[in-house]
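# A structural walkthrough
The lines below spell out each chain.
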Amino acid sequence: MAVLIGRDLLSLADFSPTELQELLQLAIQLKSQQLKLRCNKVLGLLFSKASTRTRVSFTVAMYQLGGQVIDLNPNVTQVSRGEPIQDTARVLDRYLDILAIRTFAQQDLEVFANHATIPVINALTDAEHPCQILADLLTIQECFGRLADLTLTYVGDGNNVANSLMLGCALAGMNVRVATPPGYEPDAKIVEQARAIAGGKTEVLLTHDPELAAKEASVLYTDVWASMGQEQEADNRMPIFQPYQISEQMLSLANQDAIVLHCLPAHRGEEITEEVIEGSQSRVWDQAENRLHAQKALLAGILGAE
Ligand code: CP
Ligand code: NVA
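Residues numbered from 1 in each chain as written. Chains lettered and ligands numbered in written order. Predicted model: local features only at pLDDT ≥ 70, side-chain atom pairs only at ≥ 80, totals over all residues. Heavy atoms only, no water.

### Structural notes on the sheet that holds strand β3 (residues 98–102)
As a general point, the strands of a sheet are linked pairwise by backbone hydrogen bonds and lie either parallel or antiparallel. Read from one edge to the other, the open sheet built from four strands follows the order β2-β1-β3-β4, with strand pairing classed as parallel. This sheet does not close on itself; its edge strands, each paired only once, are β2 (68–71) and β4 (120–122). Strand-to-strand, the axes of this sheet are offset by a mean angle of 20 degrees, without reference to chain direction. Here strand β1 (residues 42–47) pairs with β3 via five bridges, running parallel. (Pairing = 2+ DSSP bridges. Helix = DSSP H or I, 4+ residues; strand = E, 2+ residues; numbered from the N terminus. Axes fitted to C-alpha atoms, helices over the stretch in contact; angles between N-to-C directions.)

Here it is as structure tokens:
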């Protein structure tokens, strides 16, 4: 994927539909071990929020490519002591080959990327979670053998995952419906971006009606009701979000062969019931595994692994 060499991934909108499709194909080839790629490069992980999947899958992906990883825990670097982002970026640029950042403001990620010549990957911000959506699309592709024209319904908080899902579905030629309580809609600018990508050929629908959204969907997707950094709002949000829980009743409205996805970590009894997450239509463990394959393809593409 020569076209990705040296590129940043700050938003899923950084990819064209063709680049996304090719990246997913590369992930499928790497997963099946039909293709083996190597690169002797160093990835830095600069995570200011907790992470299990993203941290471990990036680390293992890099090891499997023959590269190395440095965990730049902000608490033991000068980052937590307030060293300016611009300075940290210019210094890390001189040591590393690629950097994955998990932080709060999308703007901080952008400042970082603007001051570093090495590729910078968004490993989650308050606005987006593009790497998650690469794995989600890979999972959907595996389950249905295609992406185009399928309908994905996201119910819950209009958060980073919802924002990136809208972009990812639009790029993949899928219909996307996002059902949130009033006041918790996804980012209006990203909705516009997704609609521009869809170009009227597929749907980018916002609604407050979870049942309407779930009807005849192929994929039902949810995420936590309070994201990292919003913990103090969690109790207040509980009754507001209750009608948006993925339950067996909601699942019965979707297509018979619908699958259920959740980026994890999950709160059973809140955004999803125990029966559904552990049920026969849940694909959450394959989805979590696919973080490894999708990110390996991403790293291989950006680093020009051969
Ligand atoms: N889904 C996801 O990004 O999980 P982590 O927060 O554990 O990395
Ligand atoms: N929306 C969640 C996703 C966690 C992977 C958060 O930002 O906390």
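### Things to note about the packing of aromatic side chains
For the coordinates displayed, the defined rule picks out four aromatic pairs. A centroid spacing of 5.7 Å and a plane angle of 25 degrees characterise the contact between Trp 225 and Phe 241, whose relative ring orientation is stacked. Here Trp 225, found in the loop between β8 (219–222) and α9 (234–241), pairs with Phe 241, found in helix α9; they are 16 residues apart in sequence, far enough to count as distant. Ring geometry for Phe 241 versus Tyr 244: centroids 6.5 Å apart, planes at 65 degrees, classification edge-to-face. The same class applies to Phe 241 as to Tyr 244, namely buried. One aromatic cluster is present, formed by Tyr 184, Trp 225, Phe 241 and Tyr 244 through successive ring pairs. Against the face of Phe 104 rests Lys 49, its NZ or CZ located 4.5 Å from the ring centre. (Phe/Tyr/Trp six-rings, centres within 6.5 Å; stacked < 30°, edge-to-face > 60°. Buried < 20%, exposed > 50% of the residue type's maximum accessible area, 1.4 Å probe, protein only. Lys NZ or Arg CZ within 6 Å of the ring centre and 35° of its normal.)

### Describing the sheet that holds β8
Spatially, the five strands line up as an open sheet ordered β7-β6-β5-β8-β9, and their pairing is parallel. The open sheet has two edge strands, β7 (204–207) and β9 (259–262), and neither has a second partner. Here the strands of the sheet are splayed against their neighbours by 20 degrees on average, with no regard to which way each runs. Sheet contacts for helix α5 (residues 130–144): β5 (151–155), β8 and β9; angle to β9, the most-contacted strand, approximately 165 degrees. (Contact = heavy atoms within 4.5 Å.)

### Details of helix α4 (residues 106–114)
By the burial criterion, the buried members of α4 are Gln 106, Leu 109, Phe 112 and Ala 113. Down the axis of α4, the smallest arc covering the buried residues is 120 degrees, so these residues share one side. Exposed side of α4, more than 90 degrees from the buried face: Gln 107 and Asn 114 are the residues found there. Of the surrounding secondary structure, the elements contacted by the buried residues of α4 are β1, α3 (85–95), β3 and β4. (Arc of directions from axis to C-beta.)

### Things to note about the nonpolar core
With 67 residues, the main nonpolar core has Ile 140, Leu 152 and Leu 299 as its most contacted residues. Among the elements that make up this core, the one with the highest residue count is helix α6 (residues 160–172) (nine residues). Those residues in contact with Leu 299 that sit more than four places away from it in its chain are Leu 43, Phe 58, Ala 61, Met 62, Leu 65, Ile 98, Ile 121 and Gly 304. Membership of the second largest hydrophobic core comes to 18 residues, among which are Ala 213, Ile 246, Met 250 and Val 260. (Core = buried A, V, L, I, M, F, W, Y, C linked by side-chain atoms within 4.5 Å.)

### Overview of the site of ligand 1
The environment of ligand 1 is formed by Ser 51, Thr 52, Arg 53, Thr 54, Arg 102, His 129, Gln 132, Cys 263, Leu 264 and Arg 291. In this structure, Arg 102 approaches ligand 1 through a side-chain N or O atom, which is 2.8 Å from an oxygen atom. For ligand 1, an oxygen atom lies 2.8 Å from a polar atom in the side chain of His 129. Alone, ligand 1 offers 260 Å² of accessible surface; in the complex the protein occludes 95% of this. Partitioned by chemical class, the residues of the shell around ligand 1 number two nonpolar, five polar and three charged. (Near = heavy atom within 4 Å. Polar contact = N/O pair within 3.5 Å; in protein donor to acceptor, adjacent residues only side chain to side chain. Areas by Shrake-Rupley, 256 points an atom, 1.4 Å probe, with all protein chains shown as cover. Nonpolar A, V, L, I, M, F, W, Y, C, P; charged D, E, K, R; others polar.)

Keep in mind these values describe shape, not function.
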